[in-house]
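Report on the structure
This is what each chain is made of:
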Amino acid sequence: MKKSDRQLGMDRDITRRDFIHDLSLASLGLAMPMGAMAGANGGEPQPAGADYPPVRTGMRGSHPGAFETAHALARNGKKFSDLVDLEETYDLVVVGAGISGLAAAYYYRKQFGADSRILILENHDDFGGHARRNEFHQGGQMRLSWGGTMNLEFPMFSDTANALLDELGVDIDELLEGYEFEYGSGPKGSPSVYFDAETYGRSELVHGFSFREGGGGDVGSMIGRFPISADSRESLASFYTRRENVFEGKSAAEVKEILSGISYTGFLKQYGGLTDEAADLFIKTTHGYWGLGADSLSARECINAGLPIMHLLGYPYLSGSGDDDAGGEVAMFPDGNASIARLLVHALIPDVSPGSNARNIALARFDYSRLDQAASPVRLRLESTVVNVQNNGPGTRVTYANHGQLVRVESRHTVLACYHRIIPYLCPDMPREQKEAQQYQVKRPLILTNVLLRDSKAFDRLDISGTYCPGRLHGAVWQVKGVNTAGYRHDWEDAGPVPVMFWGSVAPPDSRVPPKEQHRASRARLLAMSFEDFEREVRTVLDGMLGPAGFDVQQDILAITVNRWPHGYAYDYLDLWDPDWPPGQAPHEIARRPLGNITIANADAGADAYTHIAIDQAWRAVTDLPAGQIPS
Ligand SMILES: Cc1cc2nc3c(=O)[nH]c(=O)nc-3n(C[C@H](O)[C@H](O)[C@H](O)COP(=O)(O)OP(=O)(O)OC[C@H]3O[C@@H](n4cnc5c(N)ncnc54)[C@H](O)[C@@H]3O)c2cc1C
């Protein structure tokens, strides 16, 4: 039976507890045990509270206050007035303090001189863009989690990205040594699937089964416990045990064409013999990676995402990635790629975090009051939404809104490292073809909700590290542990406070429409959801899944941070929905053309949602600047 908000502990004032916690820690200087926090800057605990955004809980990601100005401009055509000229002049203004914007500032100093004066403008109250750090202290120890991007997909890095990480002191081999994390499947415990009572009529945690890997020799009995129809169970059990080539006699090119032209769930039904109900169970497996269900992606794309197909193409194994871990081969910092953002900020403005480096960055103290100091050649200004950028004689002129005040600065160059879709509104002078190309980019909405639990005992009793939830808002739930890098340790044997990450996207009202329409509809739903909606959701899942193992939903949740990303992954072109363009004519290539002294970065400029793409595009945008060409 559905529990009331009270039974779920919704009346527990976790927000207020955070507040008291922060205040008392700040005043007593007791933010965390010294051992947990001693590090980069003298071993003092990081001051907690209002001036340090990574500890903020509640609605984060695109938090209230961050996007309203941009929406007023783009959606309502708002005209801004009462402009104040700040009379500040820079060599470079960067719009957007994500990885791409920070990397652009870094490259600019290399290309144009270390004493270049740079202003980086960012609409959020924290830097990093999607590279966001969630830091918890409510359990008495510092616990870190990812607020957005986490994987360093190093096998795909370009020479440019490798060189930047080298210069920042990041050693992938060292990161790999401390990396003991597998998405939802270990190293401690087995993978599992959680069927919730609200969706499936009864609650069932199927231990040892994963939709990617199946369930080994015992797959039949595991699937036998799925709360779905007998026909659907049978079709699934047969799917996982078959080994054949359903395209026997066809050429590789023909097979590729078929797999690129059919949705994954279509393949499961047509060639895998699954019922509609059984195929639907796979839909959420791709939500966290694409913001789209496996019914909107091609079978070919889902092979690359590690979903089972290969065993029906004549191979003895299930999945295409050859790697059981859905994340593929990656390295990680304990706060994800927020550490890369922090290293870049430190390289640009050393005073913010003296003494920090790639080996201690996870513990380094960051003094946000030093981000925007008049004496510093590089300044990073938060809560500043750019509303206009224009070429102005030999330079550029940038107008932005900061706390309701409209202000203007002058700059020789400007790099737009913000989302492409906003650029036509910032730069009305862009050619029409370029504006249309920028509008082609519709980012994929994503959610990453971190919940700090008092301890991991219930997970340990169930012998799971995470689970897949086909019926819930967030398709995946994982304990965040075992990323023992950059000075931080949180071992799997530690049964104390643990962040649990809920990952996914908001299902669109209609998944038969083209993906961009789905994204727009999901985004609207996401923005309409309140913090309480998310809180109720995670409490319901934790109670149903862990309650039988002793988890007390009223007592055992210490903090919740919702990282809401209505504009998440950059849109990458999809087999089923996007045409092939001639070289140089793809929308992202047209969208990123320079305009006078203004050039364009962001992962959008590479039409691919990765940290290394954001870096590559920053480098290109800086070398696109007039007088910024690399001497041949
Ligand atoms: C939940 C999530 C998980 C991810 N996981 C991974 C991963 O594991 N590995 C990976 O490689 N990639 C991942 N990504 C992709 C991620 O987008 C890229 O890796 C990279 O961080 C993008 O950086 P960026 O600078 O191009 O864009 P962003 O991070 O989006 O930064 C752009 C910044 O510009 C700001 N901005 C926009 N408009 C304005 C304006 N008008 N004025 C001022 N500022 C503005 C934005 O608010 C934002 O802060 C993930 C993304 C999300 C959302």
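Description of the structure in this document. Keep in mind it's a predicted model, so treat the numbers as computed, not measured.

**Concerning the site of the ligand**
- Of all residues adjacent to the ligand, which total 33 residues, the nearest are E122, N123, H130, N151 and A603.
- A distance of 3.3 Å separates an oxygen atom of the ligand from a polar side-chain atom of N602.
- Contacts to the ligand include T611, whose backbone N or O atom sits 2.8 Å from an oxygen atom.
- Contact with the protein chains removes 98% of the 990 Å² of surface that the ligand exposes when unbound.

**Description of the nonpolar core**
- Among the nonpolar cores identified, the biggest contains 64 residues, and I120, F127 and L380 are the most heavily contacted of them.
- Broken down by secondary-structure element, the contributors of at least two residues to this core are β2 (83-95), α4 (99-112), β3 (118-121), α5 (159-167), α6 (172-177), α15 (338-348), β8 (378-381) and α22 (611-623).
- Ranked by residue count, the leading element in this core is α4, at nine residues.
- When residues no more than four places from it in sequence are discounted, the contact partners of F127 are A97, R132, A341, R342, V345, F366, Y368, L371, L380 and L382.
- With 44 residues, the next largest nonpolar core counts V255, F282, I303 and L307 among its residues.

**So, helix α3 (residues 68-76)**
- Buried within α3 we find A70, H71, A72 and L73.
- The elements touched by buried residues of α3 are β9 (384-392), α16 (423-426), α19 (515-528) and β16 (557-569).
- Residue G77 follows α3 closely and has a positive phi angle near 60 degrees.

**Looking at α22**
- Over its 13 residues, α22 extends 19 Å from the first C-alpha to the last, a length consistent with the 18 Å expected when each residue adds 1.5 Å.
- Listed as buried for α22 are T611, H612, I613, A614, I615, D616, Q617, A618, R620, A621, V622 and T623.
- Contact partners of the buried residues in α22: α4, α5, β11 (405-416) and β17 (598-600).

**Notes on the pattern of salt bridges**
- Enumeration over the complete set of coordinates arrives at 37 salt bridges.
- Across the pair D125 and R56 runs a salt bridge whose closest N-O atoms are separated by 2.8 Å. Note that D125 is positioned in the loop between β3 and β4 (133-136) and R56 in the loop between α2 (34-37) and β1 (58-61), a separation of 69 residues in sequence.
- Classification of D125 by relative accessible area gives buried; the value is 8%.
- Across the salt bridge formed by R202 and E204, the nearest N and O atoms sit 2.3 Å from each other.
- On the basis of relative accessibility, which here comes to 37%, the residue R202 falls in the partly exposed class.
- The exposure class of E204 is buried, given its relative accessible area of 15%.
- One continuous salt-bridge network, built from bridges that share partners, spans E88, D372, R379 and R381.

**Notes on the environment of D552**
- Looking at where D552 falls in the secondary structure, it is placed in the loop between α20 (531-546) and β16.
- D552 sits in the partly exposed class, given a relative accessible area of 33%.
- Sequence spacing of D552 and R454 is 98 residues, and the spatial spacing of their C-alpha atoms is 9.8 Å.

**Here's the deal with the pairing of β4**
- The two faces of β4 match: R133 and E135 on one face and N134 and F136 on the other face are all buried.
- Strand direction decides the pairing type here: β4 and strand β5 (residues 143-146), joined by four bridges, are antiparallel. Note that in β5 the partner of N134 across the bridge is S145.

**Comments concerning the packing of aromatic side chains**
- Throughout the structure, instances matching the rule amount to 33 aromatic pairs.
- Both rings, one in Y52 and one in Y368, keep their centres 5.8 Å apart while their planes meet at 80 degrees; by these two values the pair is edge-to-face. Placement of Y52 in the loop between α2 and β1 and of Y368 in the loop between α15 and β8 is noted, with a sequence separation of 316 residues between them.
- By relative accessible area, which is 12% here, Y368 ends up buried.

**Thoughts on the packing of α4 against α5**
- α5 packs onto α4 with a crossing angle of 85 degrees between their chain directions and a minimal axis gap of 13 Å. Judged on the interaxial angle alone, α5 and α4 are roughly perpendicular. Only T160, L164 and E167 of α5 make contact with α4, whose side of the interface consists of A103, Y106, Y107 and K110.
- Broken down by class, the residue content of the contact of α4 with α5 amounts to four nonpolar, one polar and two charged.

Rules used in this analysis
- Residues numbered from 1 in each chain as written.
- Predicted model: local features only at pLDDT ≥ 70, side-chain atom pairs only at ≥ 80, totals over all residues.
- Heavy atoms only, no water.
- Near = heavy atom within 4 Å.
- Polar contact = N/O pair within 3.5 Å; in protein donor to acceptor, adjacent residues only side chain to side chain.
- Areas by Shrake-Rupley, 256 points an atom, 1.4 Å probe, with all protein chains shown as cover.
- Core = buried A, V, L, I, M, F, W, Y, C linked by side-chain atoms within 4.5 Å.
- Buried < 20%, exposed > 50% of the residue type's maximum accessible area, 1.4 Å probe, protein only.
- Helix = DSSP H or I, 4+ residues; strand = E, 2+ residues; numbered from the N terminus.
- Contact = heavy atoms within 4.5 Å.
- Expected span 1.5 Å × (residues − 1).
- Salt bridge = Lys/Arg side-chain N within 4 Å of Asp/Glu carboxyl O.
- Pairing = 2+ DSSP bridges.
- Phe/Tyr/Trp six-rings, centres within 6.5 Å; stacked < 30°, edge-to-face > 60°.
- Axes fitted to C-alpha atoms, helices over the stretch in contact; angles between N-to-C directions.
- Parallel < 35°, antiparallel > 145°, perpendicular 65-115°, else oblique.
- Nonpolar A, V, L, I, M, F, W, Y, C, P; charged D, E, K, R; others polar.

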